[in-house]
Amino acid sequence: MRSNAAGRRWSATGLGIALALALTACGGNLDSGGGGGGEDAAFPGGEPITMLVGQDPGGSTDLIARALSEPASDDLGVAITVENKPGANGTLAARELAGAAPDGHTLMIYNGSLAYITPLAVSPEEAVDIADYEIVTGISQDDYVLVTAPGSGFTTVQDLVAAGRPVTYGTTGVGTGSQLSQALLFAQAGVQASAVPFDGGSPTLTAVLGGQVDVGAIQLGEAVEQIEAGALTPIVTFATERPSYLPDTPTAVEAGYDVPVQQSRAVFAPKGTPTEVLEALRASFGKVFASQPYQQFNADNQLTPNEVGGDELRGQWTGSLEDYRRVTEEYGIQLGDAQ
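Residues numbered from 1 in each chain as written. Predicted model: local features only at pLDDT ≥ 70, side-chain atom pairs only at ≥ 80, totals over all residues. Heavy atoms only, no water.

Account for the nonpolar core, with residues named and values stated.
Core analysis: the largest hydrophobic core is formed by 49 residues, its most contacted members being Tyr110, Leu160, Leu185, Phe238, Phe268 and Trp317. Discounting chain neighbours no more than four positions away, the residues touching Leu185 are Leu146, Val157, Val236, Phe238, Ala252, Tyr257 and Val259. Counting 29 residues, the second largest nonpolar core, distinct from the first, contains Ile139, Leu278, Phe285 and Leu303. (Core = buried A, V, L, I, M, F, W, Y, C linked by side-chain atoms within 4.5 Å. Buried < 20%, exposed > 50% of the residue type's maximum accessible area, 1.4 Å probe, protein only. Contact = heavy atoms within 4.5 Å.)

Here it is as structure tokens:
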């Protein structure tokens, strides 16, 4: 059950992440005393772990990385440093991970959109393949919500259809779920619309609030505060069913459009990482998943646990790529054209 408590909005209550956010982009989470390494370290090798994040500090993926890393560091007995490497929807970080030593000391919070949407927007040479990595564990999923400023006059998809003019929509980047969800919605609704890509959720949110674009699809946890304050109007969510926090906002499916698009995340390691190392990491992250503070973090931030094994996650993401390839071809959507 997702919490409706006032503490949501990418809250890090009980996890010490508010302090961690004060660190620089290349800094890490706070060492809580268990990250000393050395002869007594529980993790093989005893060296610190670097957790790569392909997005900017303070965004959803970054906060999830810190929510996981600090308690896992305590459990493993080695420091885990969160290192932000933004660029190309996470491609830069993914390529760095692929070239790292397969010893478990370099990991990445890998966004699913990089696996099942970005390949539809870039050439095969530019796309990264999840077959080139080990999957430690799935983490969670979150939903996108289509929002607009109250002064826009839009409250439903039908309002957008009846606008009588081209509509502009902000996206969190090319090859993202934000772009795909809106492109599919407007193609199916017959809305003439132009994408305006931004580098992440925060600038997209700012553009919608400032009226630079008519609408934008943003992850629910990043938009909730402004929705609650009345600064944003939710039009539809792209969830498979209504999120409990927005019970009065229809899904795009309910509105008559086949647009279920979610973001998913997992912990990845370089190909060839030893099984015993992967198992040690899985066990540690499993303890974090079971902890009350982390479960509260999920509830506060509208995240649906997807703490599945590597084989299951690989099947999920491969299936999503096939599904999204089919619908983009069906509606003639060229995601790369939005660059």
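Which residues make up the pairing of strand 1 (residues 49–53), and what values do they have?
Burial analysis of strand 1 places four of its five residues in the buried class, the great majority of the element. Here five bridges tie strand 1 to strand 2 (residues 80–84), and the two strands are oriented parallel to one another. Looking at the pairing, Ile49 lines up with Ile80 of strand 2. Between the parallel pair strand 1 and strand 2, the chain is carried across by helix 2 (residues 60–76), and the sense of this crossover is right-handed. Where strand 1 and strand 3 (residues 106–111) come together, four bridges link them in parallel fashion. When the sheet's bridge partners are listed, Thr50 is paired in strand 3 with Thr106. (Helix = DSSP H or I, 4+ residues; strand = E, 2+ residues; numbered from the N terminus. Pairing = 2+ DSSP bridges. Right-handed = clockwise from strand over helix to strand, strands pointing away.)

How would you explain helix 9 (residues 275–290) if you had to name every residue and give the values?
In this model, helix 9 (16 residues) spans 22 Å end to end at C-alpha, consistent with the 22 Å of a helix rising 1.5 Å per residue. Taken together, the buried positions of helix 9 are occupied by Val277, Leu278, Leu281, Ser284, Phe285, Val288 and Phe289. Along the long axis of helix 9, the arc covered by the buried residues comes to 145 degrees, so they all point the same way. In helix 9, the exposed positions angled more than 90 degrees off the buried face are occupied by Thr275, Glu276, Lys287 and Ala290. Where the residues of helix 9 are buried, they touch strand 1, helix 2, strand 3, strand 4 (133–148), strand 9 (262–270) and helix 10 (292–300). (Expected span 1.5 Å × (residues − 1). Arc of directions from axis to C-beta.)

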